[in-house]
Amino acid sequence: MTPKANAHIEAMSAFALANFGGYDQATLAQNESAFPPSPQAIEAGRDAVARSHLYPDPDWTLLKDAIALIYRVERGLILCGAGSMDLIACTIAAFAGPGDEVLGTAYAYNFIASAAARVGATYVKAPERDFTVSIDAILATLTPATRIVFVCNPGNPTGTLIRNAELLRLRAALPGNVLLVIDQAYGEFDDQDPEPVFALAGRGDTIVLRSLSKAYGLAGARVGWGLFSPRIAAELRKMQNSNQVSTVSLAMALAAVEDQAYMRATVARTAEIRDRFVRDLRAAGYAVPESRTNFVLVRFPDAAAVETADKTLRGAGIVVRGLNGYGLTDCLRVTIGPQEIMGRTLQILTSMRGRRCW
Ligand SMILES: Cc1ncc(COP(=O)(O)O)c(C=O)c1O
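Calculation criteria
Within each chain, residues carry numbers counting from 1 in the order of the written sequence. In view of the model being predicted, local features appear only for residues whose pLDDT reaches at least 70, and side-chain atom pairs are presented and counted only at 80 or more, with totals across whole chains, interfaces and linings using the full set of residues. Each side-chain value is derived from all of the structure's non-hydrogen atoms; neither hydrogens nor water enter the calculation. Those domain boundaries reflect an automatic or database domain assignment. Two residues form a contact once any of their heavy atoms are found within 4.5 Å. By definition, the buried area sums, over both parts, the 1.4 Å-probe accessible area that each loses when the two are put together. A pair is scored as a salt bridge if a Lys or Arg side-chain nitrogen falls within 4 Å of a carboxyl oxygen belonging to Asp or Glu. Here a polar contact means two N or O atoms within 3.5 Å. Within protein one must be a hydrogen donor candidate and the other an acceptor candidate, and residues neighboring in sequence count only if both atoms are side-chain atoms. Working definition: rings of Phe, Tyr and Trp (its six-membered ring) pair if their centres are within 6.5 Å, and the pair is stacked with planes under 30 degrees apart, edge-to-face with planes over 60 apart, and tilted otherwise. Helix and strand definitions here come from DSSP, where helices need a minimum of 4 consecutive H or I residues and strands a minimum of 2 consecutive E residues; each element is numbered from the N-terminal end. Residue exposure (1.4 Å probe, protein chains only): buried if accessible area is under 20% of the type maximum, exposed if over 50%, otherwise partly exposed. Geometrically, a lysine NZ or arginine CZ counts as sitting over a ring once it is within 6 Å of the ring centre and also within 35 degrees of the ring normal.

## A closer look at the domain arrangement of the chain
Under the domain assignment, the chain is made up of domain 1 (7-35 + 261-354) and domain 2 (39-258). A C-alpha centroid distance of 24 Å is found between domain 1 and domain 2. Each partner contributes residues to the interface: domain 1 has 30 residues there, and domain 2 has 31 residues. For the pairing of domain 1 and domain 2, the buried interface totals around 2,600 Å² over both sides, and the portion due to carbon and sulfur atoms is 66%. A per-residue breakdown of the area domain 1 buries against domain 2 is headed by F15, R292 and Y326, which together make up 30% of the total. Our count for the domain 1 to domain 2 interface comes out at one salt bridge. A salt bridge links D191 to R292; the shortest N-O distance between them is 3.5 Å. Linking domain 1 to domain 2 there are eight residue pairs in polar contact (both at pLDDT 80 or more).

## Considering the packing of aromatic side chains
As enumerated under the stated definition, the model contains nine aromatic pairs in all. Taking 5.2 Å as the distance between ring centres and 70° as the angle between the ring planes, the aromatic pair formed by Y186 and F295 counts as edge-to-face. With Y186 in the loop between β8 (179-183) and α8 (195-200) and F295 in strand β11 (residues 295-299), the pair connects residues that are 109 residues apart, well separated along the chain. Classification of Y186 by relative accessible area gives buried; the value is 4%. Measuring from centroid to centroid gives 6.2 Å for F198 and W225, while their planes differ by 55°, and the two rings are tilted. Taken together, the residues span a long stretch of sequence, with F198 in helix α8 and W225 in strand β10 (residues 224-227) at a distance of 27 residues. A connected cluster of aromatic rings, assembled from ring pairs, spans F15, Y109 and F111. Across the ring face of F295, the terminal group of R333 is positioned such that the distance to the ring centre comes to 5.6 Å. Sitting over the ring of Y286, R353 keeps its end group 5.1 Å from the ring centre.

Pasting the structure below:
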């Protein structure tokens with residue numbers, strides 16, 4: 001006899017990251033920033049290392065002060081976590097369980113499905129149109145068992161964006177007992193005014209999530225934040241470990257948020273590299289949906305073409321993300337990296353297309 005995990009855990013798969021095939025590769029597979037964190041964040045992290053004998057501030061006091069000021073949000077609504085993944089997992093664990101449905105969209109970030117499976121909830125997908133979230137499709141997929149609706153805006157792995165007015169329309173149409181989670185991990189790449197969406201969090205039925213992993217270049221520090229009504233926050237805090245954001249990560253996050261000029265420059269430079277890459281890929285004949293993130297979805301004629309391209313890129317030391325897990329077997333997702341790597345990636349993809357390798 002050996003110990004047995006819960007049946008629903010045994011039945012689920014582990015959350016799949018990209019297959020790197022070795023760490024000597026240039027990875028364009030995890031939507032990490034093309035640029036290092038702000039020099040001020042690096043300096044703050046170095047200083048904080050010397051305070052590592054102390055537990056971190058469990059209330060994230062200084063970071064919340066800075067976020068409230070800079071994002072013009074109510075300080076009392078902010079919770080931080082070890083990346084937005086932590087906040088996603090805790091939200092689902094607090095608000096859904098066996099017999100409940102968590103409703104996402106066809107190509108929503110896969111971790112949401114994984115977090116639902118962990119608690120034995122059923123994950124349901126609403127169709128998307130042209131790789132873009134459809135509010136009407138979400139509303140048509142709703143059932144009496146739906147407890148949480150998740151919308152990633154912009155989306156991952158599609159990179160596409162819907163207008164904030166559509167999110168307001170969704171909230172207005174959802175029953176009051178359905179929790180709406182708006183995941184804005186790439187929100188800094190979206191130039192819409194975030195205020196109307198942030199304001200939804202005050203209603204008590206909506207959560208808005210943000211990440212420092214993308215625009216701030218802190219994926220390795222693991223810091224996310226979100227806006228939660230006091231009643232929702234009280235439940236979330238029961239699910240979180242009290243010291244989950246480390247002293248070093250908190251210090252880096254605070255300095256990074258305070259250095260808005262650096263973050264803005266990172267976003268602008270990334271968008272510039274992205275837009276050039278997209279323009280050149282389209283000129284070479286690839287279909288690429290409009291991205292408002294630090295990655296792009298590249299469509300190939302079929303799955304065999306994807307396999308050839310993936311293998312050729314890996315042969316050149318470049319790892320991109322296959323999307324079979326999303327059912328997008330004819331697509332690859334390419335994170336925007338430094339210009340030099342993007343140039344090499346483009347050259348390989350363009351030449352394959354030119355030679356009709358598939
Ligand atoms: C849509 C979306 N949400 C959340 C996350 C998780 O981000 P974090 O690093 O803050 O946990 C990601 C990461 O890729 C993402 O793409």
